[in-house]
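What follows is each chain in one-letter form.
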Amino acid sequence: MKFYQSIRFRIVASILLFGTLLITLNAGITFFVMGNNMTKMVANLIDTEMDAFIYKYEKDRTTPLPHSKYIDMYEGFEKMPGHFRELVKSLPPGVHTIDDPEKKHPLSVGVIQLPDKEIPYFMFFHGREFFDENSWLHPRQILMISLALLLIPGIIIGYITSRMLFAPVVTLMAQIKGLNPENIPVRFSHKNANNEFGMLTRTIEATMNRINNFIQREKQFTRDASHELRTPLTIVKGAVEIMETQPELLTNPLLKKPLKRISRSVKDMETTIETFLWLAREEGGTDDLCQVEPVVRRAIKDNQHLIENKDIQLHLEVFCDKTVRAREEILYIAVTNLIRNAFYFTAKGSVTITLDDVHIGVQDTGMGIEPGQLESVTHSHVKGATSQGFGLGLNIVSRLCKRFGWHLIIESQAGQGTGVKILWQDT
């Protein structure tokens, strides 16, 4: 799992996002309050300068207009810059803050009406220039520095916090990963604290104990069922072998066919039991190697009786034999299920079995599969309306393919036939 998909990343990102929102909100409130204070301060400064000029003017009518680096004063409109005239022409005496379209910031103006003058005096205070030269950082720079200073400690704090929060989860993951399904411990949560993680651990422990009990019951059932099934099969197999050696069989040929069917069914049952037992085990790999072609020919021979009285052309096309990593009995189960289905559900036409280095395929011209059943045909106990089986054949094939990493492809059209392919693991 990538880090940005983990809960730890979300914790770190949440801390940084919360800190960013908090700093932004705090900066917005601070700058708003500071802006109002600055506006009042500028107004008081202009008002003080205006009172000083009026005081000097009353003492000396020839006193010059105050001019400084940040203050300009004009008598009337004639000497005033042109773009200021429309902004201040209707202002009454007093201190005003007006918007200057040529500047991004408002303009502070003091209007003075002297008793002996018909035209007003205008005092302009260049507040932006004053603050730019006398402030160390601009508000935007302060905000960016604050966010940058938050990033490093925020990541460190978030990472440490996430490690502290998920340390019990990591420990629990290591404990669960190291568990052996064959020997699940009865208790492994006694070391966890009495908190949410401890509750989670105890819940998992209780669930695993139930699973362990279920596994033990299933194992016992599998052993018992295997033993109980093998015993009568062995008896039936021995009885058939004895009957086949009897001289009466030569004088009564009608007994040969049912005896062959019984012998064939016993053999299939033994192989099926071995397959189910093998599928019930957890291990999936095997070191056994087997050739596919002999298994295919054996499956054809064992199911030949299904097409003896049918008008069916059987084609076996072996382009290249294939060696697969599987037990011969297990591969036989998969192959014989495909061939048996093709033989059984094809009344006339052809069955083509193809084998090469890439796949084994069985194509028939039988009744096909209904579109509604094609997606579920590999599920347990799903079978056609005319089938006399239990609907386990393709389910077994599908499970074997998943266990060995093969790919099962089923294509069918109702009334036109079915094509089934098994693509080998290394294709």
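Residues numbered from 1 in each chain as written. Predicted model: local features only at pLDDT ≥ 70, side-chain atom pairs only at ≥ 80, totals over all residues. Heavy atoms only, no water.

Chemist: Account for the nonpolar core, with residues named and values stated.
Modeler: L331, I339, W406, I422 and W424 are the most contacted members of the largest nonpolar core, which totals 39 residues. Looking at this core, the elements that each hand over two or more residues are α8 (292-302), α9 (328-344), β8 (348-355), β9 (359-364), α10 (393-404), β10 (407-413) and β11 (417-423). Setting aside anything within four residues of it in sequence, one finds I339 in contact with V296, A299, I300, I353 and V362. V42, M50, I112 and Y121 belong to the second-largest nonpolar core, a separate cluster that totals 14 residues. (Core = buried A, V, L, I, M, F, W, Y, C linked by side-chain atoms within 4.5 Å. Buried < 20%, exposed > 50% of the residue type's maximum accessible area, 1.4 Å probe, protein only. Helix = DSSP H or I, 4+ residues; strand = E, 2+ residues; numbered from the N terminus. Contact = heavy atoms within 4.5 Å.)

Chemist: Help me get a handle on the pattern of salt bridges, residues and values and all.
Modeler: Counted under the stated rule, the structure contains 6 salt bridges. Between K322 and D357 there is a salt bridge; the shortest N-O distance is 3.7 Å. One end of the pair, K322, is in the loop between β6 (311-318) and β7 (323-324); the other, D357, is in the loop between β8 and β9, with 35 residues separating them in the sequence. Taking the relative accessible area as the measure of exposure, D357 reaches 41% and is therefore partly exposed. Three or more residues are tied together by salt bridges with common partners; here these are R298, D302 and E328. (Salt bridge = Lys/Arg side-chain N within 4 Å of Asp/Glu carboxyl O.)

Chemist: Any details on the sheet that holds β6? Residues and values, ideally.
Modeler: A sheet is described by the order of its strands in space; here 5 strands give the open sequence β6-β8-β9-β11-β10, paired in mixed fashion. Each end of this open sheet is capped by a strand with a single partner; those strands are β6 and β10. In this sheet, neighbouring strand axes are inclined to one another by 10° on average, regardless of whether the strands run parallel or antiparallel. Pairing of β10 with β11, which is carried by 7 bridges, proceeds in the antiparallel orientation. Across the sheet, residue I410 finds its bridge partner in β11, namely V420. Packing of α8 onto the sheet brings it into contact with β6, β8 and β9, and relative to β6 it is tilted by some 170°. Packed on one face of the sheet, α10 meets β10 and β11 and runs near 145° to β10. (Pairing = 2+ DSSP bridges. Axes fitted to C-alpha atoms, helices over the stretch in contact; angles between N-to-C directions.)

Chemist: Kindly report on the environment of F77, identifying the contributing residues and their values.
Modeler: Topologically, F77 is positioned in the loop between β1 (71-75) and α2 (82-88). As for F77 and F122, which are separated by 45 residues in sequence, their C-alpha atoms are 8.6 Å apart. Setting aside residues no more than four positions away along its own chain, F77 makes contact with R85, V88, K89 and F122.

Chemist: For the sheet that holds strand β3 (residues 107-112), give the residues involved together with the corresponding values.
Modeler: Strand order in this open sheet of 4 strands is β1-β4-β3-β2, and the pairing throughout is antiparallel. A strand with exactly one partner marks an edge of an open sheet, and here the two such strands are β1 and β2 (94-98). For this sheet, the mean inter-axis angle between neighbouring strands, taken without regard to orientation, is 20°.

Chemist: Can you tell me about α10, naming the residues and giving the values?
Modeler: Helix length check: α10, at 12 residues, gives a terminal C-alpha distance of 17 Å against a target of 16 Å (1.5 Å per residue), a fit within 8%. Burial analysis of α10 places 9 of its 12 residues in the buried class, which makes it a mostly covered element. Listed in full, the buried residues belonging to α10 are G393, L394, N395, I396, V397, S398, L400, C401 and F404. Of the residues trailing α10, G405 is marked for its positive phi of about 80°. (Expected span 1.5 Å × (residues − 1).)

Chemist: Summarise the packing of aromatic side chains; cite the residues concerned and give the values.
Modeler: If you walk through the whole model with that rule in mind, you get 8 aromatic pairs. The interplanar angle of 70° and the centroid separation of 5.7 Å between the aromatic rings of Y74 and F124 together place this pair among those described as edge-to-face. Residue Y74 is found in strand β1, and its partner F124 is found in strand β4 (residues 121-125); the two are separated by 50 residues along the sequence. For F124, a relative accessible area of 1% puts it in the buried group. (Phe/Tyr/Trp six-rings, centres within 6.5 Å; stacked < 30°, edge-to-face > 60°.)

Chemist: Summarise the environment of S14; cite the residues concerned and give the values.
Modeler: Mapped onto the fold, S14 is located in helix α1 (residues 7-59). When its relative accessible area of 44% is taken as the criterion, S14 is described as partly exposed. Here the alpha-carbon distance between S14 and G154, two residues 140 residues apart in the chain, equals 9.8 Å.

Chemist: Outline the packing of α9 against α10, listing residues and values.
Modeler: It is at 9 Å that the axes of α9 and α10 come closest, and there the two elements cross at 140°. Judged on the interaxial angle alone, α10 and α9 are oblique. With respect to the hand of their crossing, α9 and α10 are arranged in left-handed fashion. Here I330, I333, A334, N337, L338 and N341 of α9 come into contact with α10, specifically with G393, L394, I396, V397, L400 and F404. Here the contact of α9 with α10 is composed, by residue class, of 9 nonpolar, 3 polar and no charged. (Parallel < 35°, antiparallel > 145°, perpendicular 65-115°, else oblique. Left-handed = near helix turned anticlockwise from the far one by under 90°. Nonpolar A, V, L, I, M, F, W, Y, C, P; charged D, E, K, R; others polar.)

Chemist: How would you sum up the packing of α8 against α9? Please name residues and give values.
Modeler: Where α8 contacts α9, the axes come no closer than 9 Å and their chain directions differ by 45°. Taken together, the axes of α8 and α9 are oblique relative to one another. The way α8 lies across α9 gives a crossing that is right-handed. From α8, V292, V295, V296, R298, A299, I300 and D302 reach across to α9, where they touch E328, L331, Y332, V335, T336, I339 and F343. When the residues that make up the contact of α8 with α9 are grouped by side-chain class, the tally is 10 nonpolar, 1 polar and 3 charged.

Chemist: Before we move on, could you go through α9 and cite the residues and values that matter?
Modeler: Between its first and last C-alpha, α9 extends 23 Å over 17 residues, near the 24 Å set by a 1.5 Å rise per residue. Among the 17 residues in α9, 12 count as buried, and that is most of the element. Taken together, the buried positions of α9 are occupied by I330, L331, Y332, I333, A334, V335, T336, N337, L338, I339, A342 and F343.

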